[in-house]
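So the chains spell out like this:
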Amino acid sequence: MKQTGKRLFELVIFLFVLSFISFVFMKAAPGDPVRYMLNIDDVSITDDRIEELRNELGFNDPIYVQYWNWLIRFFQFDLGESYMTKQPVLNELMNKVPDTLALTFSSMAVMMLIAAPIGTLAALYKNKWIDHLSRIFALIGASVPSFWLGLLFMQLFSVKLGILPAMGKGTFLHLLMPSLTLGIAMAAVYVRLLRSSLLESLGQDFIRSAKARGLSQARIFFFHAFRHCLTPVITIFGVSLGSLLGGTVIIEVLFAYPGVGKLVVEAIVRRDYPVIQGYILFMGLFVVMINLLVDFSYRYLNPEIRLRGGDRR
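The residue numbering used here restarts from 1 in each chain and proceeds along that chain's sequence as written. Since the coordinates come from a predicted model, pLDDT governs what is reported: local features require at least 70, and pairs of side-chain atoms require 80 or more to be given and counted, while whole-chain, interface and lining totals use all residues. Processing note: side-chain calculations cover all non-hydrogen atoms of the structure and skip hydrogens and water entirely.

Counting secondary structure elements, the protein contains 13 helices and zero strands. Going from N to C terminus, the protein has its helices and strands arranged as α-α-α-α-α-α-α-α-α-α-α-α-α. Here the C-alpha coordinates of the protein stretch approximately 85 × 60 × 30 Å along the principal axes. With 313 residues in all, the protein has 40% of them scored as buried. Whether two residues touch is decided by their heavy atoms; if any such pair falls within 4.5 Å, the residues are in contact. Of all intrachain contacts in the protein linking residues separated by at least 6 positions in sequence, the fraction that spans at least 24 positions is 74%. Accessible surface computed for the protein: about 17900 Å², of which carbon and sulfur atoms make up 67%. By definition, any uninterrupted DSSP run of H or I lasting at least four residues is a helix, any uninterrupted run of E lasting at least two residues is a strand, and each is numbered from the N terminus. Buried, partly exposed and exposed residues are distinguished by accessible area as a fraction of the type maximum, computed with a 1.4 Å probe on protein chains only: under 20%, between the cut-offs, and over 50%, respectively. To measure how exposed things are, a 1.4 Å probe is used in the Shrake-Rupley method; for residues, cover is taken only from the protein chains shown.

At alanine 256, a position not held by glycine, the phi torsion is positive, near 50 degrees. Locating alanine 256 in the fold gives a position in the loop between α10 (217-254) and α11 (260-269). Note on alanine 256: relative accessible area 25%, which makes it partly exposed. Notably, arginine 271 is not glycine yet its phi reads approximately 55 degrees, a positive angle. Looking at the element boundaries, arginine 271 is found in the loop between α11 and α12 (273-301). A residue is classified by how much of its surface remains accessible, and arginine 271, at 21% relative accessible area, is partly exposed.

Okay, a nonpolar patch on the surface next. Where nonpolar side chains cluster on the molecular surface, the patch consists of Phe9, Ile13, Phe16, Val17, Phe20, Ile21 and Phe25 and spans about 710 Å² of accessible area. Its location among the elements puts valine 17 in helix α1 (residues 2-28). Note on patches: the residues involved have over 30% relative accessible area and no salt bridge, like charges join within 9 Å, and the nonpolar side chains Val, Leu, Ile, Met, Phe, Trp and Tyr join within 5 Å. Any Lys or Arg side-chain nitrogen located within 4 Å of an Asp or Glu carboxyl oxygen qualifies as a salt bridge.

Moving on: helix α4 (residues 63-75). To estimate the expected span of a helix, subtract one from its residue number and multiply by 1.5 Å. Helix length check: α4, at 13 residues, gives a terminal C-alpha distance of 18 Å against a target of 18 Å (1.5 Å per residue), a fit within 8%. Among the residues making up α4, those that are buried are Gln66, Tyr67, Trp70 and Leu71. Buried residues of α4, seen end-on, are gathered within an arc of 135 degrees and therefore sit on one face of the element. What points out from α4, more than 90 degrees from its buried face, is the exposed set Trp68 and Phe75. Arc, as used here, means the arc of the directions from the helix axis to the C-beta atoms.

This prediction gives the protein a mean pLDDT of 81; 91% of its residues lie at or above 70. How sure the predictor is of each residue is captured by pLDDT, a score from 0 to 100. When mean pLDDT is taken per element in the protein, helix α7 (residues 146-160) scores highest with 88 and helix α13 (residues 303-312) scores lowest with 57.

Our next topic: the packing of aromatic side chains. Aromatic rings from Phe, Tyr and Trp, with only the six-membered ring used for Trp, were paired whenever their centres fell within 6.5 Å, and each pair was classed as stacked if the ring planes differed by under 30 degrees, edge-to-face if by over 60, and tilted otherwise. Counted according to the given criterion, the structure contains 10 aromatic pairs. The interplanar angle of 40 degrees and the centroid separation of 6.4 Å between the aromatic rings of phenylalanine 23 and tryptophan 70 together place this pair among those described as tilted. With phenylalanine 23 in helix α1 and tryptophan 70 in helix α4, this pair connects stretches of sequence that are 47 residues apart. By the burial criterion, phenylalanine 23 is buried, and tryptophan 70 matches it. Ring centres of phenylalanine 153 and phenylalanine 157 lie 5.7 Å apart, and the angle between their planes is 40 degrees; this geometry places the pair in the tilted category. One end of the pair, phenylalanine 153, and the other, phenylalanine 157, are both in helix α7, four residues apart, so they sit about a helical turn from each other. Judged by relative accessible area, phenylalanine 153 falls into the buried class, the value being 13%. One aromatic cluster is present, built from ring pairs that chain together Phe16, Phe20, Phe23, Tyr67, Trp70, Phe74 and Phe75.

A word on α11. All of the buried residues in α11 are Val260, Gly261, Leu263, Val264 and Ala267. Seen along its axis, α11 keeps its buried residues to an arc of 160 degrees; they face one direction. Arginine 271 sits one or two positions beyond α11 and adopts a positive phi of about 55 degrees.

Here is the structure:
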């Protein structure tokens, strides 16, 4: 309980620092949202009208005053309104989050379906053909950028074969190519990680003890070796989940998938500060919560960590 309270306190401090730094950098970035709001390139707008809107939005106030006003609204669960759509930012994000989470979890499913069997077989048949094949797959997967892989899939499955939609959402088929693109790119890393971690686990003393006790090979593998090797894999998984959400930005734009990533790219182009700030906080909160869950999972996956925790108490 004490450890949980400490991590929650760190979470609050982290979100506070993150919100302040992102707010300052966003305000210091070039570009004027007022000009985008008034669409000044198409219609003649007077300088007085621009200045009036700046005063109305508080852009002429010092940055610390603007941040303080934003922070007060944040504690009231109000992230402000989008400058462009005039809709609450929280509603804008919540409308897009389900689509992004669907893409994220389907990509993780693709990654696990590829990495788990190939990484396991590569460890069990070290220096055999499956091990060499996994090395080639990992090398190619890590070398090819995800957006380029997505373009290749679009060319093959949409243009040449015409069996998958290239853009948009609506059916399971719309989700297939973006999920494959992200999942394959991630699987390349996890195949080698799972292989090396599994080989290390199979050489541990407790594995030799299990064999001496006469346990079956299947029980030794699944209940001892595989479980032990998951600790470093889950550690990297927690770290890379943030990268996966960041990677969805590129893939959502590439496939015109209407998720949070596409929303924030449009907000950056239009200097829609409330949406950008809300997205940064959402990402920070999500990544920290995932890492918190990963820390808790160690106690159940690795008995050594659980026992050491018990000694401290």
